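Structure assessment
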Amino acid sequence: MNVAEIRDAFPLLSRTMNGRPLIYLDNAATTQVPIPVIRAMEHHLTFENANVHRGSHLLSVEATESLENARGAVADFLGASSSDQVVFTSGATDSLTMVAFGLAHLLDRESAVVTTQMEHHANLIPWQRVCAQTGAELRVVPVTSEGELDGQAFHSMLEDGRAKIVALCGTSNVSGCVNPLPEMAKIAHAAGAIVVADLAQSMRHALRPLAGTEVDLIAFSAHKMCGPTGVGVLAGKREILELVHPLRFGGGMVDAVTCEEASFSGLPSRLEAGTPNVMGIVGLAAAVRFLEEVGMDDVAERERVLTASLVDALASVPQVQFAARPQDQVGAVSFVVHGCHHYDVAAFLDAEGVAVRVGHHCAEPYVSALGHDGVIRMSTAFYNTEEEIARAVEALKRTIKRLEVAS
């Protein structure tokens, strides 16, 4: 991988912040967008901006072709057998909410939903609400002191056969812990459960996730994989997607409507009410093509190498305590600094041009289980460099000295 050449495709990485070269280590929140993605969206707005599917004029036909070509590109990227298995949404949060409420009809007081203490709020709160409405039991797999899922607890929550849905993340946005999805999906299926995976943090290193993870439904966002914000995907096995009842209603998702009733279209249309974010979808497809051109094997390996380098560098700082130390870790590393508040650390790092994120990262139960009310997160992407990591950790050391003097 020619990292210097790849970085040239990302204009924002050449910015300065507070008079210093930017070191962007907030990739778990949002990755940067390369020029090919920017140009693809610009081309759409400049030459083919129109509504899709229902127009008979040429612009509408061209816009529809771009959208459906994008669907095909995403389906190929995922290893889906058909583009109909790809539903465009506004992001992973939207996808997971659609799934939770769309599968609520499968739940009752005799059933259970299994999720985990590790989840982003987007894969926890919807299940809380659905269980409250249906009377189903919400079972939450705890985490160990290392920040990994408790495998024994996971097994025990499935033993009675009441679990109808298992919802879990592929990779933690806090600790970078990579969960063994194929094994967990196999166990859940043996217990008769549908498996829903939040892959928002996994898409840059989960190769062909539909074909390789054996999960039933997946959700992810474009902006975690070098695409734009405001667009994402719900994808999965056709027979499971067919079970998801529409959550939104309106144009484009119906076969026929009278004043008394409506009949709905087939997949994916019936889950895509209204005008889609065509520009964002075009950008997502361009991001997929960009990642494939770079090479997904290389991207995945590069991210693991950078994560290991970041862990080693932070371990050299005596005041740093890791929030979690999972055996399989990629992308995100969270920690606290003894004697320093996490927001103060982030502010001083920002003054040196180092962009990190602090808080509970929309995963408050997980951070609390790890014994903290907030942590500092550094998260890498394949376009980061070992030099950036070294400079960021040196900036952290200077920050700690300044805060220690101030206290």
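Residues numbered from 1 in each chain as written. Predicted model: local features only at pLDDT ≥ 70, side-chain atom pairs only at ≥ 80, totals over all residues. Heavy atoms only, no water.

Examining the sheet that holds strand β17 (residues 375-379)
For clarity, the threshold we go by: Here, a strand pair is defined by DSSP locating no fewer than two bridges between the strands. Under the scheme used here, helices are H or I runs from DSSP no shorter than 4 residues and strands are E runs no shorter than 2 residues, and both carry numbers assigned from the N terminus. What counts as an axis is a line fitted to C-alpha atoms, over the stretch in contact for a helix, and the angles between N-to-C directions run from 0 to 180 degrees. We call two residues in contact when some of their heavy atoms are within 4.5 Å.
Ordered by their spatial adjacency, 4 strands build an open sheet running β13-β14-β17-β16, and the pairing between neighbours is antiparallel. The open sheet is flanked by β13 (320-322) and β16 (357-359), the only strands paired with a single partner. Across the sheet, the mean angle from the axis of one strand to that of its neighbour is 35°, orientation sign disregarded. Inspection of the sheet shows β13 paired to strand β14 (residues 332-337) by 3 bridges, in the antiparallel sense. Residue pairing across strands places Q321 opposite V336, the latter belonging to β14. Lying on the sheet, helix α11 (residues 296-315) is in contact with β13, β14 and β17; it crosses β14 at an angle near 10°.

Here's the deal with unusual backbone geometry
Where the residue is not glycine, phi is negative for most of them; where a peptide bond is considered, it is trans in most cases. The line we're drawing: For each residue, the accessible area found with a 1.4 Å probe, counting protein chains only, is set against the maximum for its type, and the residue is called buried under 20%, exposed over 50%, and partly exposed in between.
Between L267 and the following residue, P268, the backbone shows a cis peptide bond with an omega angle of -5°. With a phi angle near 75°, H53 is a residue other than glycine that sits in the positive phi range. Inspection of the secondary structure assignment puts H53 in the loop between α2 (35-47) and α3 (58-78). Residue H53 is classed as partly exposed on the basis of its relative accessible area, which comes to 41%. Unusually for a residue other than glycine, C226 sits at a positive phi of about 70°. Tracing the chain through its elements places C226 in the loop between β9 (217-221) and β10 (232-236). Owing to a relative accessible area of 0%, C226 belongs among the buried residues under this scheme.

Focus on helix α5 (residues 125-134)
The criterion, for reference: The directions considered for the arc run from the helix axis to the C-beta atoms.
Listed as buried for α5 are P126, W127, V130, C131 and T134. Looking straight down α5, one finds its buried side chains confined to an arc of 130°; they lie on one side. Among the exposed residues of α5, those pointing more than 90 degrees away from its buried face are A132 and Q133. Tucked into the core, α5 has its buried residues touching α4 (92-102), β5 (112-116), β6 (137-141), β7 (163-169) and β8 (194-198). Within two residues after α5, G135 carries a phi angle of roughly 85°, on the positive side.

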